[in-house]
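Here's the letter readout for the chains.
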Amino acid sequence: MKIQAAKVVITCPGRNFVTLKIETDQGVYGIGDATMNGRELAVASYLEDHVIPCLIGMDPRRIEDIWQYLYRGAYWRRGPVTMRAIAAVDMALWDIKAKMAGMPLYQLLGGRSRDGVMVYGHANGADIEETVDAVGKYIDMGYKAIRAQTGVPGIKDAYGVGRGVLHYEPADAQLPSVSGWDTRKALNHTPKLFEKLRDTYGFDHHLLHDGHHRYTPQEAANLGKMLEPFQLFWFEDCTPAENQEAFKLVRQHTTTPLAVGEVFNTIWDCKDLIENQLIDYIRTTVVGAGGITHLRRIADLASLYQVRTGCHGATDLSPVTMGCALHFDTWVPNFGIQEYMRHSEETDEVFPHDYHFADGHLHCGETPGHGVDIDEALAAKYPYKPAYLPVARLEDGSMWNW
Ligand SMILES: O=C(O)[C@@H](O)[C@@H](O)[C@H](O)[C@H](O)CO
Ligand SMILES: [Mg+2]
């Protein structure tokens, strides 16, 4: 069996997606996601110019060997571009293998560990009242877990506050828009949001919060401590994690569970955090961290230390990643939660899929493969549009972490 052809499809049904399609000499094809929000064309070129020429003629059944070929063979290891390109190939090859086996992907991974995948949605609002209403809407839709973000008085476009209710989309400008940040104001405001949420809805639902890399370790520890009475499911990206040691300081001071890893690419980025039990949830996902083959390794390492998975699932991760993640989540023994930001209707039409939401959970389908396809004719109707994520500046103009 041979890989006969492969191509990259770029489409923008509301936001940009980069998709790899691998075709075999036996008529079976597989699909993989290679989207990197705001830097899409870099991965498309990496695949078209440097990966596809090597794939032609290879045996698509050799998933592990091809993974190692692309990782070791590049010499330049790791990084978001390389690992997304490898991830796209890996997803497509697992799709092909599962289609050939006539099984849904989770069966190949080891079979079902749970009936459904608990997901969390994004509730946000311009102020506390709006966010409290938004959380209520998610509860009404059946969600068991909800991430809550709110506008902060005096901060321009605080992180996580979108314009739409269900389809919040941060990458929306031809050039990066400038948002504001002020740690003091956020520290004053955020605990009030969670106090109000618990007063209004009680303690039956899981609540989550994303710090989006804004705090220093000491500030993160302070916020984690202030949030303890409200029993969060997790406090995410409380401080930048390039320096994994930084989490020691946070950990020493708070029992609020910590989640990190949506910007990680490999097991090496999370090794120290996991081995030192400095986090509770690892957020690496299929597209970001080298596909199913590598994500499985991260999850196995994490399981030794009682760290559970919490795959990133924002809208910039295409339905192809979501499909793969749901098969992974259905199997992985140390599953924690899955993020689920809904895609627009246009996106769902371009990527027909068999997963569905019911009762606070997502359920992968039983179609052989990962269950997500691409309608290329429809994709062609939505050409690529440059779109950047915002940047953040402090009041005095200094750059900060968005
Ligand atoms: O937790 C999250 O979902 C966020 O941190 C993401 O929305 C993130 O901002 C985007 O994926 C960036 O592309
Ligand atoms: Mg996040």
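Everything below is about the structure shown above.
Predicted, not measured: the structure shown is a model, and the values here were computed from it.

K.L.:
I'd like a description of the pairing of strand S7 (residues 206-210), backed by residues and values.
P.N.:
Extensive coverage of S7 is indicated by the burial of four of its five residues. In terms of strand pairing, strand S5 (residues 145-150) meets S7 through three bridges, oriented parallel. By the bridge assignment for S7, arginine 147 is matched with leucine 208. When S7 meets strand S8 (residues 234-236), the two strands line up parallel, connected through three bridges. Counterpart to leucine 208 in the pairing with S8 is tryptophan 234.

K.L.:
Go over the coordination of the magnesium ion (ligand 2), please, and point to the residues and values.
P.N.:
Those donors, Asp210 (OD), Glu236 (OE) and Glu262 (OE), are the protein atoms that reach the magnesium ion (ligand 2), and they lie 1.9 to 2.3 Å from it. Donor residues binding the magnesium ion (ligand 2) come from one chain and are separated in sequence as D-x25-E-x25-E. Separated by 52 residues along the polypeptide, aspartate 210 in strand S7 and glutamate 262 in the loop between strand S9 (258-260) and helix H9 (267-275) bring together distant segments of the chain. Exposure class is identical for aspartate 210 and glutamate 262. Each is buried.

K.L.:
Can you break down the site of ligand 1 residue by residue, with the values?
P.N.:
Ligand 1 sits among 15 residues. The nearest are Asn37, His212, Glu262, Asp316 and Glu339. With respect to ligand 1, the side chain of arginine 147 contributes an N or O atom lying 3.4 Å from an oxygen atom. Within the side chain of histidine 212, an N or O atom sits 2.8 Å from an oxygen atom of ligand 1. Here ligand 1, which alone exposes 340 Å², has 95% of that area covered by the protein. Here the shell around ligand 1 is composed, by residue class, of four nonpolar, four polar and seven charged.

What counts, and where the lines are drawn
Residues numbered from 1 in each chain as written. Chains lettered and ligands numbered in written order. Predicted model: local features only at pLDDT ≥ 70, side-chain atom pairs only at ≥ 80, totals over all residues. Heavy atoms only, no water. Buried < 20%, exposed > 50% of the residue type's maximum accessible area, 1.4 Å probe, protein only. Helix = DSSP H or I, 4+ residues; strand = E, 2+ residues; numbered from the N terminus. Pairing = 2+ DSSP bridges. Donors = N, O, S within 2.8 Å, 3.2 Å for Na, K, Ca; no water. Near = heavy atom within 4 Å. Polar contact = N/O pair within 3.5 Å; in protein donor to acceptor, adjacent residues only side chain to side chain. Areas by Shrake-Rupley, 256 points an atom, 1.4 Å probe, with all protein chains shown as cover. Nonpolar A, V, L, I, M, F, W, Y, C, P; charged D, E, K, R; others polar.

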